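If you want the building blocks of each chain, they are given just below.
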Amino acid sequence: MLTLGHAGITFGVALTAHSLSTRSRNTERSDQTPGMRIRGQVHSLSQRIDLRVLFLGALLPDIIDKPLGLLVLPDVYGTGRLFGHSLLFVLAIGLAGAWLYRARKRNWLLVLTYGAAMHLLLDSMWRAPSVLFWPFVGSLPQGGTPEVWLSRMLATPAQNPSALISEAVGFVLLMPLIWSILRGSGLRQFLRYGEVE
Ligand SMILES: [Zn+2]
């Protein structure tokens, strides 16, 4: 899956879960339009978690593995799915996140973990057990070349329309956030403070 799919679906699932979990507590005012209600939910979610960290987590496995496997060690791996796409990586940051939350009541590392776990799910990593269960099942794939990887990525939309569909779905799911940012305090405020009015 590509960037918009990862970011949008991870955000959409978080917003849906948040809306469902707060529904019983919220008394919806009848004079609110659906748009106002969605903006209210996005604002309320942004108060509970840092959405910038959520997006970082949603892309984190690729941010780690793609430069490592394709730029730093292209002759060894030549692939963009390595340690960052393993369960061990997600478990490690999850445990650190649980400790940080218990000790300091900070949830950002748990949010990062959620994003990274969603990334593995959306990449269907169960199809690559040697990566998902690294280092317990076989070894990481080696011997690929960045050129082959790149040509496969570029060919993806034509050969695999589902990649385009997931990008479109991701974009649609990001619309409530984009709309809230543009109608509210703006992109700069969001990027600097993570706030969505
Ligand atoms: Zn990935």
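Predicted model, so just to flag it, every value in this text is computed and none were measured. (Residues numbered from 1 in each chain as written. Predicted model: local features only at pLDDT ≥ 70, side-chain atom pairs only at ≥ 80, totals over all residues. Heavy atoms only, no water.)

Visitor: Where do I start with helix H5 (residues 108-122) in this structure?
Guide: Each α-helix turn comprises 3.6 residues. Residues three or four places apart therefore point the same way. Helix length check: H5, at 15 residues, gives a terminal C-alpha distance of 21 Å against a target of 21 Å (1.5 Å per residue), a fit within 8%. Tucked into the core, H5 has its buried residues touching helix H1 (3-23), helix H3 (51-72), helix H4 (87-104) and helix H6 (129-132). Looking one or two residues beyond H5, the residue adopting positive phi is serine 124, at roughly 50°. (Helix = DSSP H or I, 4+ residues; strand = E, 2+ residues; numbered from the N terminus. Expected span 1.5 Å × (residues − 1). Contact = heavy atoms within 4.5 Å.)

Visitor: It is not clear to me how the domain arrangement of the chain should be interpreted in this structure. Could you clarify?
Guide: Interface size is commonly expressed as the accessible area that is lost once the parts come together. Annotation of the chain at the domain level lists domain 1 (50-156) and domain 2 (160-197). The straight-line distance from the C-alpha centre of domain 1 to that of domain 2 is 22 Å. Contact residues are listed per partner, giving five residues for domain 1 and 11 residues for domain 2. Here domain 1 meets domain 2 over a buried area of about 540 Å², counting both sides, of which 67% is carbon and sulfur. Counting across the domain 1 and domain 2 interface gives zero salt bridges. Counting the contacts that link domain 1 with domain 2 gives two residue pairs in polar contact (both at pLDDT 80 or more). Classifying every residue of the side of domain 1 that touches domain 2 by side-chain character gives two nonpolar, one polar and two charged. (Domains from an automatic or database assignment. Buried area = accessible area lost by both parts, 1.4 Å probe. Salt bridge = Lys/Arg side-chain N within 4 Å of Asp/Glu carboxyl O. Polar contact = N/O pair within 3.5 Å; in protein donor to acceptor, adjacent residues only side chain to side chain. Nonpolar A, V, L, I, M, F, W, Y, C, P; charged D, E, K, R; others polar.)

Visitor: Help me understand the nonpolar core in this model?
Guide: Note on soluble globular proteins: their nonpolar side chains tend to be buried together. Of all hydrophobic cores here, the largest spans 21 residues; its most connected members are Phe11, Leu51, Phe55 and Leu177. Elements represented by at least two residues in this core include exactly H1, helix H2 (34-48), H3, H5 and helix H8 (161-183). Of all the elements, H3 adds the most residues to this core, at five residues. The two domains that each donate at least three residues to this core are domain 1 (50-156) and domain 2 (160-197). With 10 residues, the next largest nonpolar core counts Ile93, Ala116, Met125 and Leu140 among its residues. (Core = buried A, V, L, I, M, F, W, Y, C linked by side-chain atoms within 4.5 Å. Buried < 20%, exposed > 50% of the residue type's maximum accessible area, 1.4 Å probe, protein only.)

Visitor: What am I meant to see in the coordination of the zinc ion here?
Guide: Put simply, a metal with four donors set out as a tetrahedron has ideal angles of 109.5 degrees, and one with six donors set out as an octahedron has ideal angles of 90 or 180 degrees. Coordination sphere of the zinc ion, protein contribution only: Asp62 (OD), His85 (NE2), His119 (NE2) and Asp123 (OD), at 2.0 to 2.3 Å. Taken together, the four donor atoms coordinating the zinc ion span angles of 88 to 176° at the metal, a pattern that classifies the geometry as irregular. Ordering the donors of the zinc ion by residue number gives the pattern D-x22-H-x33-H-x3-D. Aspartate 123 carries the same exposure label as histidine 119, and that label is buried. (Donors = N, O, S within 2.8 Å, 3.2 Å for Na, K, Ca; no water. Tetrahedral: all angles 85-135°; square planar, octahedral: opposite > 155°, others 65-115°.)

Visitor: Even after reading the chapter, I still don't get the environment of glutamine 47, so can you show me in this structure?
Guide: Within the secondary structure, glutamine 47 is located in helix H2. For glutamine 47, a relative accessible area of 56% translates into the label exposed.

Visitor: Please clarify how the side chain of threonine 22 should be interpreted in this entry.
Guide: Tracing the sequence through the fold places threonine 22 in helix H1. For threonine 22, the side chain forms a polar contact with the main-chain oxygen of histidine 18, separated by 2.9 Å. A polar side-chain atom of threonine 22 sits 3.4 Å from the main-chain carbonyl oxygen of serine 19.

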